[in-house]
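Coordinate inspection notes
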Amino acid sequence: INILAYLYALLGAMLLGGVLISIGMFISSLTESSVIAGVLTLVINILTLYMSSFSQLISVPEGSTGFIAKIWAWIVETFVAFLDKTAFMTVFEKFGDNVFRITDVVYFFSIIVAFVFLSIRSLEKRRWA
């Protein structure tokens, strides 16, 4: 039994949970109502968790010739690639490969820090307003 594989998967689960909690904390800092904050947090967290599935539903327009059509196809392809690479579940699944990647840890940690920072700024703004 490889204990490091389990610990790395546990680290990934804790980081993903931290990201979802920090997003919810930021949304809660924006609203006065806890019910609205809870519903918005649930909706936004579900959307972010399944972002890679949504990116597979977006199709790139084919068969169009012309400058504008090619630019539009490039924009859609770039957007789909961005959604695919930044999806939380795509990064979280890499934790199951049992290969330690510091980039995955930094990715989740930086999102946590960003949303905690935004929450603090939002609460300070409300306090001084």
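Residues numbered from 1 in each chain as written. Predicted model: local features only at pLDDT ≥ 70, side-chain atom pairs only at ≥ 80, totals over all residues. Heavy atoms only, no water.

**Concerning the confidence of the model for the protein chain**
When pLDDT is averaged across the protein chain, the result is 87; 96% of the residues are at 70 or more. At the level of individual helices and strands, the protein chain shows its lowest average pLDDT in helix α3 (residues 51-57), which scores 77, and its highest in helix α6 (residues 102-128), which scores 93. (pLDDT = per-residue confidence, 0-100. Helix = DSSP H or I, 4+ residues; strand = E, 2+ residues; numbered from the N terminus.)

**Digging into the packing of aromatic side chains**
For the structure on display, the rule yields six aromatic pairs. Between F95 and F108 the ring centres are 5.9 Å apart and the planes differ by 20°, which places this aromatic pair in the stacked class. Of this pair, F95 sits in the loop between α5 (88-93) and α6 while F108 sits in helix α6, and the two are 13 residues apart along the sequence. Residue F95 shares its accessibility class with F108, and that shared class is buried. Plain terms: the ring middles of Y107 and F108 are 5.5 Å apart, the flat faces sit at 55° to each other, and that makes the pair tilted. Members of the aromatic cluster, joined through ring pairs, are Y8, F88, F95, Y107 and F108. (Phe/Tyr/Trp six-rings, centres within 6.5 Å; stacked < 30°, edge-to-face > 60°. Buried < 20%, exposed > 50% of the residue type's maximum accessible area, 1.4 Å probe, protein only.)

**Observations regarding the nonpolar core**
Judged by nonpolar contacts, the single largest core of 15 residues is most densely connected at L15, L16, V19, F88, F95 and F108. Those elements that place two or more of their residues in this core are α1 (3-30), α5 and α6. If sequence neighbours within four positions are ignored, V19 has contacts with F88, F108, I111 and I112. (Core = buried A, V, L, I, M, F, W, Y, C linked by side-chain atoms within 4.5 Å. Contact = heavy atoms within 4.5 Å.)

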